[in-house]
Amino acid sequence: MNGAILQQVFVVDFVVQSQMCGDCHRVEAKDFWKAVVQVRQKTLHKKTFYYLEQLILKYGMHQNTLRIKEIHDGLDFYYSSKQHAQKMVEFLHSTVPCRYKASQRLISQDIHSNTYNYKSTFSVEIVPICKDNVVCLSPKLAQNLGNMSQICVCIRVTSAIHLIDPQTLQVADIDGNTFWSHPFSSLCHPKQLEEFIVMECSIVRDVKRNAGSGMISKKHILGEVWVQKTSEMNTDKQYFCHTHLGHLLNPGDLVLGFDLANCNLNDEYVNKMNPDRVPDVVLIKKSYDCTRRQRRRNWKLKELARDRENMDTDDERQYQDFLEDLEEDEAIRKNVNIYRDATVPVESDTDDEGAPQISLAEMLEDLHISQDATGEEGASMLTQ
């Protein structure tokens, strides 16, 4: 009053409490998720999953995941938003033949603001066919593919199933929609592969083509082969078969194949086939020294960071099979980022037994050149 000023001294305590925004809090909570993509494949081998893992790493589709969990027959991808999960499903649908189902569960709701909180689940099922599987097609599907034989070999699985007829070298691609319309299964699993030794091998020059037949593979050569099991070398029992590996086999080579003559095939299409049209042996791939190939392998792959549960002891052998497939098949290799392993010395590209290798030119992505054009280490290069 009248220009008077009143003052009082007192202590003020400030308490600082750190807080997180809602999005960061959800990320820090490991078990919180809004959507999950469950990828499954009903097969004994994980070759398709190893290939899918490399595609996810190459295109960075794992960056938005909260958590990746590996279980016995597949992978689970957890996301903080439904949009990221839908993007993952679209990526899977474009890279591997599959189908999916979507469902959601109501977690909470606010009737006043008309907001709802859902958890979404996308169940993705990959076709149960892997590389090197022997399959039996339905008669209708075989006719639609150009009158090819019902017994075929799967040479690779990318965005479609690539099949080859070992009798005629006819090839066909089956996408996911065609497979689910005319489903078929594998006749034998990889553990049933047996080792044969090539006794005689001759190239078939004139391949008989039926009316309306489809494309013929240019990368394979048809051969007529007499083989004998390495476990039956004390007998004189031999098997005759046609094979698509005529360009690789020579007398004395070891080759892996399936013995259809002495195994119990429980397949509806095989049981209805004429027994004369079912081959005794189907050869899959040439056999090399696995220990030597693994020792001289001078490259490596990256892996997804994931939680592992109930790991099988056979997983390491399956992973080595996948690495061998990369060395043998250039079509699969071009979709995978391969990195140079500096701990293994570089050897020549030629091998005594002819085992396929990956050239150094395909590993340039992980190379770091430490010398300039003058040969001096660390010197900067000037461009004009």
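Attention in this report is confined to the structure presented alongside it.

What counts, and where the lines are drawn
Residues numbered from 1 in each chain as written. Predicted model: local features only at pLDDT ≥ 70, side-chain atom pairs only at ≥ 80, totals over all residues. Heavy atoms only, no water. Helix = DSSP H or I, 4+ residues; strand = E, 2+ residues; numbered from the N terminus. Buried < 20%, exposed > 50% of the residue type's maximum accessible area, 1.4 Å probe, protein only. Contact = heavy atoms within 4.5 Å. Pairing = 2+ DSSP bridges. Axes fitted to C-alpha atoms, helices over the stretch in contact; angles between N-to-C directions. Core = buried A, V, L, I, M, F, W, Y, C linked by side-chain atoms within 4.5 Å. Expected span 1.5 Å × (residues − 1). Phe/Tyr/Trp six-rings, centres within 6.5 Å; stacked < 30°, edge-to-face > 60°. Lys NZ or Arg CZ within 6 Å of the ring centre and 35° of its normal. Salt bridge = Lys/Arg side-chain N within 4 Å of Asp/Glu carboxyl O. 1 Å grid on protein atoms, 1.4 Å probe; cavity = no way out; pocket = protein on both sides within 12 Å on 5 of 7 lines; lining within 4 Å. Points joined across faces, edges and corners; volume = space filled by probe spheres on them. Nonpolar A, V, L, I, M, F, W, Y, C, P; charged D, E, K, R; others polar.

### So, the overall build of the chain
- Within the chain, the secondary structure is distributed over 9 helices and 17 strands.
- With 384 residues in all, the chain has 43% of them scored as buried.
- Across the chain, every contact between residues at least 6 apart in sequence was considered, and the portion connecting residues at least 24 apart equals 70%.

### Regarding the sheet that holds strand β14 (residues 281-286)
- Judged by pairing direction, the sheet is antiparallel, and its 5 strands sit side by side in the order β12-β11-β10-β13-β14 without closing on themselves. Lying at the two open borders of the sheet, with one neighbouring strand each, are β12 (239-243) and β14. In this sheet, neighbouring strand axes are inclined to one another by 45° on average, regardless of whether the strands run parallel or antiparallel.

### Concerning the nonpolar core
- Grouped together as the largest cluster of nonpolar side chains are 52 residues, with contacts concentrated most on V37, F77, L137 and F184.
- With 6 residues, helix α2 (residues 47-59) is the largest single contributor of residues to this core.
- With sequence-adjacent residues up to four places away left out, V37 is seen in contact with L75, D76, F77, Y79, A85, M88, V89, L92, F122 and V124.
- V134, L222, V278 and I284 belong to the second-largest nonpolar core, a separate cluster that totals 20 residues.

### A few points about helix α8 (residues 315-328)
- Over its 14 residues, α8 extends 20 Å from the first C-alpha to the last, a length consistent with the 20 Å expected when each residue adds 1.5 Å.
- Among all positions of α8, only D315, Q318, Y319, Q320, D321, F322, L323, E324, D325, L326 and E327 are buried.
- Where the residues of α8 are buried, they touch α2, β14, α7 (290-295), β15 (299-300) and α9 (330-333).

### Digging into the packing of aromatic side chains
- Scanning all chains against the criterion turns up 9 aromatic pairs.
- Both rings, one in F179 and one in W180, keep their centres 5.0 Å apart while their planes meet at 80°; by these two values the pair is edge-to-face.
- The exposure class assigned to F179 is buried, which follows from its relative accessible area of 2%.
- Pairing F179 with F184 gives two aromatic rings, centres 4.9 Å apart and planes at 80°, and the pair type is edge-to-face.
- We classify F184 as buried; its relative accessible area is 5%.
- The side chain of R99 reaches across the aromatic face of W180, ending 3.8 Å from its centre.
- Positioned over the ring face of Y339 is K302, at 4.7 Å from the centre of the ring.

### Overview of the pattern of salt bridges
- A complete count under the given rule lists 20 salt bridges for this structure.
- Notably, a salt bridge pairs E194 with K229, separated by 3.2 Å at the nearest N-O pair. Highlighted residues: E194 in strand β10 (residues 194-203) and K229 in strand β11 (residues 223-229), separated in sequence by 35 residues.
- E194 sits in the partly exposed class, given a relative accessible area of 26%.

### Observations regarding α2
- Given a rise of 1.5 Å per residue, 13 residues ought to cover 18 Å, and the 19 Å separating the end C-alpha atoms of α2 matches this to within 8%.
- Across the 13 residues of α2, 10 count as buried, placing the element largely inside the fold.
- Considered for burial, the residues of α2 that qualify are K47, T48, F49, Y50, Y51, L52, E53, Q54, L55 and I56.
- Immediately beyond the C-terminal end of α2, within one or two residues, lies G60, with a positive phi of roughly 65°.

### Some thoughts on the environment of Q294
- Inspection of the secondary structure puts Q294 in helix α7.
- Once the C-alpha coordinates of Q294 and L323 are considered, the two residues, 29 residues apart in sequence, prove to be 9.1 Å apart.

### Looking at the layout of surface pockets
- When its volume is computed, the largest pocket comes out at roughly 740 Å³.
- Lining the largest pocket are 40 residues, with H45, P190, D314, Q318 and D321 sitting closest to its centre.
- Contributing elements (two or more residues each) for the lining of the largest pocket: α2, β2 (65-71), β3 (74-79), β13 (254-259), β14, α7 and α8.
- A total of 6 residues in the lining of the largest pocket trace back to one element, the largest contributor, which is α8.
- When its residues are assigned to classes, the lining of the largest pocket shows 12 nonpolar, 9 polar and 19 charged.
- Considered as a void within the structure, the second largest pocket measures approximately 550 Å³ in volume.
- Residue lining of the second largest pocket: 22 residues in total, with H220, H247, L248, E328 and D329 positioned closest to the centre.
- Residue assignment for the lining of the second largest pocket shows that the elements contributing at least two residues are β7 (151-157), β14 and α9.

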